[in-house]
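The primary structure of each chain is shown beneath.
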Amino acid sequence: AISTNKNVITPSLGSELVTNGTFDTDLTGWTNSGLATFEWSAGTIHIAQAGAGWNSFYQNTVTLIPGELYYYSFDLTKNSGTTLIFQHGSNTTIASFSSSGTQTGTFVADVNSSNTIRFKANNAALDWNIDNISIKKVNAGNFIARGMIVGGGNTNGGSTGIKILDSGNVGIGTTSPAYTLDVSG
């Protein structure tokens, strides 16, 4: 899993994997899971809830191959409330967002991807508009990572995986690389 959203990528991308990510006329292909407001609004999806809850909306027809790298982008407008969580699979968090803007990044599909992408409330009130949701497989290209951990079973910054600092130091098996290449183990 990639634990941050600080990637620069100039890739060769595959075809679009999301169905109706532009919401031009409706919400076809998307499913509500408990959100109080789930509506089409002038070419965007509008979601909201008044209180606590891990409610979400999702699309379960996105074909993700475990171990493959994917590029995502979408436009967010935060009207009020809490963080919006972006996930794949049943509960694998890709990134969390607390402000409006165009969001881009990458993630590696894990074995539990189950062909689902999800936008989820962070157990509190929220009100967001989302548009232009896109996911494409990265086929090739230049990938520069900064401040990122790619790892085995520990996606919370533990000692497994690779850490690349903004300074250029790379750590394998350490989260605090002190050298250009710092290998532990």
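Residues numbered from 1 in each chain as written. Predicted model: local features only at pLDDT ≥ 70, side-chain atom pairs only at ≥ 80, totals over all residues. Heavy atoms only, no water.

Engineer: Pulling in residues and values, what's your account of the nonpolar core?
Structural biologist: Membership of the largest hydrophobic core comes to 30 residues, with the highest contact counts inside it found for Ile-47, Phe-57, Tyr-72, Phe-86, Ile-130, Ile-133 and Ile-135. If you list the elements that add at least two residues to this core, you get strand E4 (44–49), strand E6 (69–81), strand E7 (84–88), strand E8 (92–97), strand E10 (117–121) and strand E11 (126–145). For this core, the element with the most residues is E11, which contributes five residues. Dropping the residues within four chain positions of it, Ile-130 is found in contact with Phe-23, Thr-44, Ile-45, Ile-47, Phe-57, Asp-75, Leu-76 and Leu-84. (Core = buried A, V, L, I, M, F, W, Y, C linked by side-chain atoms within 4.5 Å. Buried < 20%, exposed > 50% of the residue type's maximum accessible area, 1.4 Å probe, protein only. Helix = DSSP H or I, 4+ residues; strand = E, 2+ residues; numbered from the N terminus. Contact = heavy atoms within 4.5 Å.)

Engineer: Can you lay out the pairing of E4 for me, pointing to particular residues and giving the numbers?
Structural biologist: Successive side chains on a regular strand alternate, one facing one side of the sheet and the next facing the other. Most of E4 sits out of view: six of its six residues are buried. Of the two faces of E4, both are covered, the one formed by Thr-44, His-46 and Ala-48 as well as the one formed by Ile-45, Ile-47 and Gln-49. With five bridges connecting them, strand E3 (residues 37–41) and E4 associate as antiparallel partners. Looking at E4, one finds that Glu-39 is bridged to His-46. Linkage of E3 to E4, two consecutive antiparallel strands, is achieved through a turn of two residues, within which Ala-42 is found at a positive phi near 50°. (Pairing = 2+ DSSP bridges.)

Engineer: Lay out the sheet that holds E10 with the relevant residues and their values.
Structural biologist: Strand order in the open sheet made by the five strands is E2-E5-E10-E7-E8, with antiparallel pairing throughout. Across the chains shown, the open sheet's two edge strands, defined by having one partner strand only, are strand E2 (31–33) and E8. Mean inter-strand twist for the sheet, computed between neighbouring axes without regard to direction, equals 20°. Both E7 and E10 contribute to a ladder of five bridges, which runs antiparallel. Residue pairing in the sheet places His-88 in a bridge with Ile-117 of E10. (Axes fitted to C-alpha atoms, helices over the stretch in contact; angles between N-to-C directions.)

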